[in-house]
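Report on the structure
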Amino acid sequence: MRTGNRTRPVLTSGPRTMLLLNPLRGILSARPQVLGLTRFSSSFVSRMRFLNRLKQEDEACAAALQDGQLVLFHRLQPLLQRGPTGTFRPVTLTCSGVQSLLQNFGSDGPLLEDSILIGCSEQNQAQFCLDVGHLDQAAVAEFCAGTFIDLRKSFFLLPGPAAQLVAKAQALLRWHQTNGFCSATGQPTHRNRAGSQRVCSSSSIIYYPKMSPVVIVLLSDGSRCLLGRQASFPRGMYSALAGFCDMGETLEETLHREVAEEVGLEVQDVSYSSSQHWPFPHSSFMLGCHATVSPAHTQLDVDRSELEDARWFTPEEISSALQAGVPPRGGRPPDVWLPPKHAVAHHLISEWSDRQRHLQASE
Ligand SMILES: NC(=O)C1=CN([C@@H]2O[C@H](COP(=O)(O)OP(=O)(O)OC[C@H]3O[C@@H](n4cnc5c(N)ncnc54)[C@H](OP(=O)(O)O)[C@@H]3O)[C@@H](O)[C@H]2O)C=CC1
Ligand SMILES: [Mg+2]
């Protein structure tokens, strides 16, 4: 591996360099006559159509890569950098920056073309990710003035949108790494340019990246909410109840079944709140709901093989746990604390707490 005489790659994640980017550069460079986009369409609509076209047209995607931003991973760990204000952000490189990095390290492994489309910036620049796991991790990190950090840690260090982007990128990289062969024929599969699908070379079966749907529910009896913890959770952390959807189930059926299985209660009303892609341990699609049980039937019958504990919490207990936040690493955590802000469980608990506060204020 050649490491001497290195030219630093062009970083695009800093605020100063971002200002230099032409906002329409990503779109215009990717064959605008083919894309059929105009400067004047809604920026969200044009971004979505741009991305969709890049998934469908290999040539357009290759052109967008030349003008794109890349997030680097090393064996599924994202490369992060601490910004001037102390907050973390993913290191993003230009295409030529990654090319010079690969050349400098004498890379004979995966090439720039192995990068996977993950999104489009507000400045209409296509975003890609690339795993350089064949290179020396410490040397690449030093070269890019960043650090490769385990996804679980990265996810909570990054601000929300960056955390979701990095989680999506890792999920796609992982999916490609583990879907190189057709499960029907055993023959190799080949990806399209964007990396949004793989096709069996023999049967032409098309494979798309997979997520497992999970229902997560915050149960309320009108005045309290129910939280539980698995033995595998960090000590003291309580969360909303969650469970994987079985084949053929609706969201409501999963919710009713999981609540019955885990705590022995019958759900009355269900309302949808919000959703989230959750990368741990593998890609889940979390569907967050609120649900009620009758105040006359709140006696828990906890399945101890699934949950170590489950209890009803008052609005005051929830409010003070929300204020206390996530305990710092090391030392003894409090008896009860709640999932961090990035988790849909936190969102459900906050929503319930706000609603209780409004109800109490209006009484
Ligand atoms: N973002 C958030 O706020 C939160 C996210 N979560 C996530 O929700 C997910 C589900 O919660 P959990 O309570 O564990 O789920 P379940 O209550 O469904 O229990 C998990 C068990 O279900 C079985 N199972 C069924 N289908 C699948 C599948 N597709 N993938 C993996 N296991 C499956 C496995 O059992 P077996 O091995 O016996 O077959 C597994 O051990 C977890 O991945 C967790 O990380 C949970 C809480 C909060
Ligand atoms: Mg569960």
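The model shown is predicted, which means the values in this text are computed figures rather than measured ones.

Considerations on the overall build of the protein
Helices and strands together make up the secondary structure of the protein, namely 12 helices and 16 strands. In the protein, which comprises 363 residues, the share counted as buried stands at 48%. The long-range fraction of contacts in the protein, counting pairs at least 24 apart against all pairs at least 6 apart in sequence, stands at 66%. If you sum the accessible surface of the protein, you get close to 18,300 Å²; carbon and sulfur atoms cover 53% of it.

A short note on the site of ligand 1
Taken together, 19 residues are adjacent to ligand 1, and Q230, A242, F244, E262 and A345 come closest. A distance of 2.8 Å separates an oxygen atom of ligand 1 from a polar side-chain atom of Q230. Between an oxygen atom of ligand 1 and a main-chain N or O atom of V344, the distance comes to 3.4 Å. Contact with the protein chains hides 58% of the accessible area of ligand 1, taken as 910 Å² for the molecule alone. At the level of elements, β11 (212-220), β13 (241-244), α10 (251-263), β14 (270-278) and α12 (344-362) are the ones that each hand at least two residues to the shell around ligand 1. Residue composition of the shell around ligand 1, grouped by class: 11 nonpolar, five polar and three charged.

Some words on the coordination of the magnesium ion (ligand 2)
In ideal tetrahedral geometry, four donors around a metal make angles of 109.5 degrees, whereas ideal octahedral geometry with six donors gives angles of 90 or 180 degrees. Coordination of the magnesium ion (ligand 2) by the protein involves A242 (O) and E262 (OE), with metal-donor separations of 2.1 to 2.2 Å. Here A242, found in strand β13, pairs with E262, found in helix α10; they are 20 residues apart in sequence, far enough to count as distant.

A look at the packing of helix α4 (residues 43-56) against helix α5 (residues 58-66)
The axes of two packed helices give the description: the angle between them and the distance between them. Direction vectors running N to C along α4 and α5 enclose 115°, while the axes themselves pass 5 Å from each other. Helix-helix and strand crossings are classified by hand; for α4 and α5 the assignment is left-handed. Between α4 and α5, the residues in contact are F50, L54 and Q56 and D58, A60, C61 and A64, respectively. In terms of residue class, the contact of α4 with α5 is made up of five nonpolar, one polar and one charged.

Overview of the sheet that holds strand β8 (residues 189-191)
In space, the three strands of this open sheet follow the order β8-β9-β10, with antiparallel pairing throughout. Each of the sheet's edge strands pairs with one partner strand only, and the pair in question is β8 and β10 (206-207). Where β8 lies against strand β9 (residues 198-200), three bridges are found, and the strand directions are antiparallel. Looking at β9, one finds that H190 is bridged to V199.

Brief notes about the domain arrangement of the protein
Taken domain by domain, the protein holds domain 1 (15-178) and domain 2 (212-362). Using C-alpha coordinates to define each centre, domain 1 is positioned 34 Å away from domain 2. In this complex, domain 1 contributes 13 residues to the contact, which on the side of domain 2 involves 10 residues. A combined buried area of about 970 Å² lies between domain 1 and domain 2, and 67% of that area is made up of carbon and sulfur atoms. Its largest share of buried area at the contact with domain 2, domain 1 owes to R152, F155 and F156, together 43% of the area lost on that side. Scanning the region where domain 1 abuts domain 2 turns up zero salt bridges.

Each value, and the rule that gives it
Residues numbered from 1 in each chain as written. Chains lettered and ligands numbered in written order. Predicted model: local features only at pLDDT ≥ 70, side-chain atom pairs only at ≥ 80, totals over all residues. Heavy atoms only, no water. Helix = DSSP H or I, 4+ residues; strand = E, 2+ residues; numbered from the N terminus. Buried < 20%, exposed > 50% of the residue type's maximum accessible area, 1.4 Å probe, protein only. Contact = heavy atoms within 4.5 Å. Areas by Shrake-Rupley, 256 points an atom, 1.4 Å probe, with all protein chains shown as cover. Near = heavy atom within 4 Å. Polar contact = N/O pair within 3.5 Å; in protein donor to acceptor, adjacent residues only side chain to side chain. Nonpolar A, V, L, I, M, F, W, Y, C, P; charged D, E, K, R; others polar. Donors = N, O, S within 2.8 Å, 3.2 Å for Na, K, Ca; no water. Axes fitted to C-alpha atoms, helices over the stretch in contact; angles between N-to-C directions. Left-handed = near helix turned anticlockwise from the far one by under 90°. Pairing = 2+ DSSP bridges. Domains from an automatic or database assignment. Buried area = accessible area lost by both parts, 1.4 Å probe. Salt bridge = Lys/Arg side-chain N within 4 Å of Asp/Glu carboxyl O.

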